[in-house]
Amino acid sequence: MPLRVTPEASGRRQTGRTSPNGPTGQPETTDEAAHIKITSASTSSAESAAAELRSFDDLVELATRDVTSTDATAEGSAGSGAGAGAPAGEGATGRADTRRVGIELEWLVVDVARPSRSVPPDETAAALVEALGTAGAPGTAGASGAAGASGAAGASVRSGRPEPGPGAGAGAPASPASPTSPTSHSLPSLPSLPGGSRLTFEPGGQLELSGPPLALAEAVAAMRGDLTLVRGALARHGLGLAGLGVDPLRPPRRHTAASRYVAMEEHFRAVGGEAGLTMMCSTASVQVNLDSGADVTQTVERFRLAHALEPVLIAMFAASPMPAGQPLTWQSGRQEVWARIDPSRTGPVLPDPTVPPTEWNPRGGTDHLAWLWARYLHDAHLMMIAGDDGEYQAVGHRATFGDWLAGGRAAPSTRRPTRQDLGWHATTLFPPVRPRGWLELRYLDAQPSELWPVPVAVASVLFDDPLAAREALAASVAVAGRARLAARLGLRDPALHRAAVRCVDLAVEALSRAGGDPELRLAVEAFADRYTRRRRSPADDLSLRLAARGPAELLREEASQCVLVP
């Protein structure tokens, strides 16, 4: 199976829960946290992963595999309709199913009795295991580095769930020794959840639930059920989950000692300032993962729409007006944090969605999106590279992957970069829309109370309903490129408000046409009435509550019960 740019996490395969071609992604903080391993889709690709890169064209070749939704050698699976050897993502009709969604919810974990305390992930994991049991095998923990003892595993880029990979087969590279730090190796195997959600941790102890790719109503129902179990388990130990885009009270603190996050913090302290540490340890999001498209044309259209909608959806769902210790000045303080990080790492892959796709690639040809993604990879600064000891080493100066490719004084190493190096470089890039064989929408704040299904539903139907997609693009191009303004002013900006009202109306209409869960449509309608049509977002309610109660009480309220208004 051909290697792709973006590798996946190492760990145990979650059998029976997701197709190997589903649009559920791995967050950047659940990839190989402790040691670097060759990650490819099969043992036969291990040598390919170590192949040296010589030119920009090599990057384009690999980027092509990240921006396309077919793989001629991927296995089919029950539920996808594909037989063995059929292209991944295609069923009997030969066209990809583009009506599935993968939901990833990040939450701030809060000690309800002592909201100012930073809760370490081992405490959260122990509470979950005591109440829900374990997965039955090691290797399911994520960012805190409790990788399984069974060795490395690769993954299909399509699933975000680990596939059997190097470590079991002739010629596979040996797994490096496990890290010795108690912090990085102290987590128990986390529970399996009936809805298929995978539990992982971010470096600051934020808990993430990553659901399998399903139709919208089924995905929301599965996540809602898993979340109810998790909340109940944590409540028995006095812990709760707060849905806020950025922590309003506790300063950032990295709990894991895994070398990936040690190197990440070292890099940010050297060249990026405190915003990088805040991003790692104090932010949370709703990430919506969507199939990239049934063919090249649709993939380009969906990628363009994803970027055009960014300011509109940021403004609609802003929910972080208060980074810890800072005044209330932004509707989305999370976006303000990201705006202070190196733009080569966090800026958009497509800077101007109003530009027609034929102009994306100055060299001409038809590989418009692959060229854009390859150029982004080439121009982004390196954060870390593989050390001789198999661990991550921070790059403490500004050097791009292109510098490494070219060699010379700016290169972070005298050896040539490999395909594997490019793959790990890709996991340290956090653009608002990231192509991984599916599309990750990464610009939505975590939502307070029980609002998270609304941004999931709005984003999904604006892509999957052809009429809604066409009209949403027309409504949003007028405000394209205004993500920073959207994060600061929200829907108080008249142009953003007009675009948001049009888009939420289109979403309600599309949900009505689709049928499905009527409660989901009613939830979107109620959100529109309460917020969007009144030039408001969840950040407005949070600001009022913060002013009236303070950050500690706000965290306590969100963690202990669902509270919408003062």
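Residues numbered from 1 in each chain as written. Predicted model: local features only at pLDDT ≥ 70, side-chain atom pairs only at ≥ 80, totals over all residues. Heavy atoms only, no water.

Regarding the packing of helix 18 (residues 494-514) against helix 19 (residues 518-530)
In plain terms, the rule: Orientation is described by axes fitted as lines to C-alpha atoms, over the contacting stretch for helices, and by angles from 0 to 180 degrees between their N-to-C directions. Put simply, DSSP H or I for four residues or longer makes a helix, DSSP E for two residues or longer makes a strand, and each gets a number counted from the N terminus. Reported orientations rely on four angle classes, namely roughly parallel under 35 degrees, roughly antiparallel over 145, roughly perpendicular from 65 to 115, and oblique for the rest. Working rule for handedness: look at the near helix, and if it is turned counterclockwise from the far one by less than a right angle, call the crossing left-handed; if clockwise, right-handed. Note on contacts: a residue pair qualifies if any of its non-hydrogen atoms lie within 4.5 Å across the two residues. Asp, Glu, Lys and Arg are counted as charged, while Ala, Val, Leu, Ile, Met, Phe, Trp, Tyr, Cys and Pro are counted as nonpolar; the rest, among them Gly, fall into the polar class.
Orientation of helix 18 relative to helix 19, taken along the N-to-C sense of each, is 165°, at an axis distance of 9 Å. With respect to helix 19, the axis of helix 18 lies roughly antiparallel. In this structure, helix 18 crosses over helix 19, and the sense of that crossing is left-handed. Across the interface between the two elements, Val-504, Val-508, Leu-511 and Ser-512 from helix 18 touch Leu-520, Arg-521, Val-524, Glu-525 and Ala-528 from helix 19. Broken down by class, the residue content of the contact of helix 18 with helix 19 amounts to six nonpolar, one polar and two charged.

Regarding the pairing of strand 3 (residues 207-210)
Formally: For each residue, the accessible area found with a 1.4 Å probe, counting protein chains only, is set against the maximum for its type, and the residue is called buried under 20%, exposed over 50%, and partly exposed in between. Being paired, for any two strands, means DSSP has found at least two bridges between them.
Across the two faces of strand 3 the burial is the same, with Leu-207 and Leu-209 and Glu-208 and Ser-210 all buried. In the sheet, strand 1 (residues 100-111) pairs with strand 3 via four bridges, with the strands oriented antiparallel. Opposite Glu-104, over in strand 3, you have Ser-210 as the bridge partner. Across four bridges, the pairing between strand 2 (residues 198-201) and strand 3 is antiparallel.

A closer look at the environment of Arg-502
With respect to the element layout, Arg-502 can be found in helix 18. The exposure class of Arg-502 is partly exposed, given its relative accessible area of 33%. Residues Arg-502 and Ala-474, 28 residues apart in the sequence, show an inter-C-alpha distance of 9.9 Å. If sequence neighbours within four positions are ignored, Arg-502 has contacts with Glu-471 and Ala-475.

What about the environment of Pro-194?
Take Pro-194: it is sitting in the loop between helix 4 (182-185) and strand 2. Each C-alpha atom of the pair Pro-194 and Ala-222 lies 7.9 Å from the other, and the pair is 28 residues apart in sequence. If sequence neighbours within four positions are ignored, Pro-194 has contacts with Asp-226 and Leu-229.

Observations regarding the pairing of strand 6 (residues 285-291)
For strand 6, a buried count of seven out of seven residues is recorded, marking the element as mostly surrounded by other parts of the structure. Side-chain alternation along strand 6 places Ser-285, Gln-287, Asn-289 and Asp-291 on one buried face and Val-286, Val-288 and Leu-290 on a second face that is also buried. Pairing geometry for strand 1 and strand 6, over five bridges, is antiparallel. Across the sheet, residue Ile-103 finds its bridge partner in strand 6, namely Val-288.

What to know about the packing of aromatic side chains
Two descriptors summarise a pair of aromatic rings, namely the distance from one centre to the other and the angle between the planes of the rings. As a reminder, the rule being used: The rule is short: rings of Phe, Tyr and Trp, with Trp giving its six-membered ring, pair when the centres are within 6.5 Å, and they are stacked under 30 degrees, edge-to-face over 60, tilted in between.
Within this structure, the stated rule accounts for eight aromatic pairs. Between the aromatic rings of Phe-56 and Trp-371, the centroid separation amounts to 6.1 Å while the plane-to-plane angle is 70°, which identifies the pairing as edge-to-face. Taken together, the positions of Phe-56 in helix 2 (residues 56-67) and Trp-371 in helix 12 (residues 368-379) put the pair 315 residues apart, joining distant regions of the chain. Trp-371 carries the same exposure label as Phe-56, and that label is buried. Ring centres of Phe-303 and Trp-360 lie 6.4 Å apart, and the angle between their planes is 65°; this geometry places the pair in the edge-to-face category. Taken together, the positions of Phe-303 in helix 8 (residues 296-308) and Trp-360 in the loop between helix 11 (343-346) and helix 12 put the pair 57 residues apart, joining distant regions of the chain.

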